[in-house]
Amino acid sequence: MIHILVVDDDAELNRTVCTYLNDCGFAVRGVLSAQEAYDAMYNTLYDLIVSDIMMPQTDGFAFARSVRQVNRRIPILFLSARDDLTSKQKGFQLGIDDYMVKPIELAELEMRVRALLRRANIEMQRRLTAGGLVMDADAMTAEWNGEEIPVTTREFNLLYKLLSYPKKTFTRAQLMDEFWGLDSETGLRAVDVYITRLRDKFSACDSFEIKTVRGLGYKAVLR
Amino acid sequence: MKEKDSRIKRAVFPASAFVIALVLFALLTTVQMRMIGNYIDYRSIPIGVMVQVIAFWMAGAVFFTLLTSCQLRVNYDQPLERLSDAARKVAAGDFSVYLRPRHTPDKADKIDVLTQDFNKMVEELGSMETLRTDFFSDVSHEFKTPLAVICSNAELLQKSGGLTERQQEQLDGIQDAGRRLSHLIYNMLKLNKLEKQTIQPVPESYDLCAQLAACAVQFEDEWERRNIEFDAELEERAFARADPGLMELVWNNLLSNAIKFTPCGGRVSLTQTRQDGWISVTVRDTGRGMDEETQRHIYDKFYQGDAGRATQGNGLGLTLVRRILELSDAEITVQSAPGQGAAFTVRLPAATEREEP
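Structural notes, computed from the coordinates. These numbers were taken from a predicted model, which means no experiment stands behind them.

With that settled, the discussion passes to the pattern of salt bridges. Residue and element names in this part refer to chain A. Scanning the entire structure with this criterion turns up 29 salt bridges over all chains. Measuring nitrogen to oxygen at the nearest pair gives 3.6 Å for the salt bridge that ties Glu-155 to Arg-197. Residue Glu-155 is located in helix H6 (residues 153-164), and its partner Arg-197 is located in helix H8 (residues 189-201); the two are separated by 42 residues in the primary sequence. Using a relative accessible area of 1% as the deciding quantity, one classes Glu-155 as buried.

Here you go:
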């Protein structure tokens, strides 16, 4: 049973979100302030936190900061009426995992919550499976049906990322940012090269496929 | 020297005025001649001197015409010209226009009085405009909360299950409408903030191609669902000078429109090129296209080119786009013909060499 904590001073919205997520099959608790949240977290271990930003006394940012100090892993999703880039940046800098702007679509919230949980699961396990493929992030190994396929660090990370978010398209620039850092001398072609190599190496794996979204980027699709 | 307003048909040196002056002088001198005629023998005056006298009076007439013309220009033409310019600015939406009267109050002439009345009028228009934009933003804000309640309750109902197919459809209907309203309110508020200058673009140098790709990818589900072929032709990297948060809205609106108005199985393309310090981005679709009349109005608020499509758009997307571009040193052009889709091209400044990281 997955436990979710919802922190929002808007009682109506809080109740709505809790009801919906409960109907989705989670065990949800709603609290109206950061202080109440601390109390709740003291007694129960939560798998995910959904929090508002603008709350009286302790705001979402301060709350997230203090949570991160004791728990680096727990996924935090911000809900906020604030749409500006600065708020989003600030949130992500503090280490939150996702950001939604109110008014929110509950179905979308569910999608994102599930995605975050899935990712957290993968990260905690540091393992990923796709049919006969098993990737171990600690050992940096990829095995297909028990047989190891040799990959370089970058190749591993790239494939791991794509498979962690199946069906999500990543632009070449995004992949570049993540894995090549500030090495801006390398053009986006480098991404193409690595994808080709991956396709070659994993051509035997029929449980997934790396699809090209022409002109934009790549995505991993599970079969 | 300002170009003369082409609407003014009267010349600077009106021939009619000259002729009138000449005739007047001729009359006056004739009368004078009559009066002193008894003491001067006209027949003894040589032709040469007569010609000189006539020439003299013609010169006089020219001088007189010029003098009156000049007086008119300074006292009436120029102030009226300024008034005309100011009126045009106000018509274009600038309510900060204020004209100073030419004379002090104790020596005010009709033009000064007109100027004062004009200033008053502009002030009143300005305050009405403020009321309007404030009203706009207050109302939009007030809509948000109940709308959120409607939408989320509809979603809760749907999630609770046990609905007949008909009920499900009805619920879908509520949700669709709610989503459209939400979108509309969002655009209204954004547009309003831009108009009131609560938000100002903060230009910076950033990778436009990365942004375009990221925006395009967000629509992937939609174009796949409707079997639309999406083509992207972007350079690897191109640095533009603009406010990235606002430009994102521009691309999202253009892409959303293109996909919305392209039939299933159609094609949408996104191309980016660079030339002479400017970057051009074109979003092309294979929808039903627009005739010239429609093209003239697409940026108007709430304009729906085709009444039938009124169910899809919200009429503010392009208004918002244009507003953002106006404030950002960028421009947008559209090419379209009925049955031939549409191509929207945005041109924005490239970051200078110095700015590229």
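Right, picking up where we left off after that structure.
Contacts between the two partners involve 26 residues from chain B, matched on the other side by 26 residues from chain A. Carbon and sulfur atoms make up 55% of the surface buried where chain B meets chain A, a total of about 2,300 Å² over both sides. Of all residues in chain B, Glu-155, Lys-159 and Glu-236 of chain B give up the largest surface area on contact with chain A, accounting jointly for 28% of the area buried on that side. Here Glu-229 of chain B and Arg-214 of chain A are joined by a salt bridge, their closest N and O atoms 3.6 Å apart. If you look at where chain B meets chain A, you find eight residue pairs in polar contact (both at pLDDT 80 or more). Elements with a minimum of two residues in the side of chain B that touches chain A: helix H3 (110-160), helix H4 (165-195), helix H5 (208-217), helix H6 (220-225) and strand E2 (229-233) of chain B. Grouping the constituent residues of the side of chain B that touches chain A by class yields 12 nonpolar, three polar and 11 charged.

Here the focus is the sheet that holds strand E5 (residues 278-285) of chain B. All names here are of chain B. Taken together, the five strands give an open sheet; going across it, the order is E2-E4-E5-E7-E6, and neighbouring strands pair in mixed fashion. With partners counted over all chains shown, the strands left at the sheet margins are E2 and strand E6 (331-336), one partner each. The average angle at which neighbouring strand axes cross in this sheet is 15 degrees, direction not considered. Sitting on the sheet, H5 touches E2, strand E4 (267-275), E5 and strand E7 (342-349), and the angle it makes with E4 is about 175 degrees. Contacting E2, E4, E5, E6 and E7, helix H7 (residues 244-260) runs over the sheet at an angle of about 170 degrees to E7.

Rules behind the numbers
Residues numbered from 1 in each chain as written. Chains lettered and ligands numbered in written order. Predicted model: local features only at pLDDT ≥ 70, side-chain atom pairs only at ≥ 80, totals over all residues. Heavy atoms only, no water. Salt bridge = Lys/Arg side-chain N within 4 Å of Asp/Glu carboxyl O. Helix = DSSP H or I, 4+ residues; strand = E, 2+ residues; numbered from the N terminus. Buried < 20%, exposed > 50% of the residue type's maximum accessible area, 1.4 Å probe, protein only. Contact = heavy atoms within 4.5 Å. Buried area = accessible area lost by both parts, 1.4 Å probe. Polar contact = N/O pair within 3.5 Å; in protein donor to acceptor, adjacent residues only side chain to side chain. Nonpolar A, V, L, I, M, F, W, Y, C, P; charged D, E, K, R; others polar. Pairing = 2+ DSSP bridges. Axes fitted to C-alpha atoms, helices over the stretch in contact; angles between N-to-C directions.

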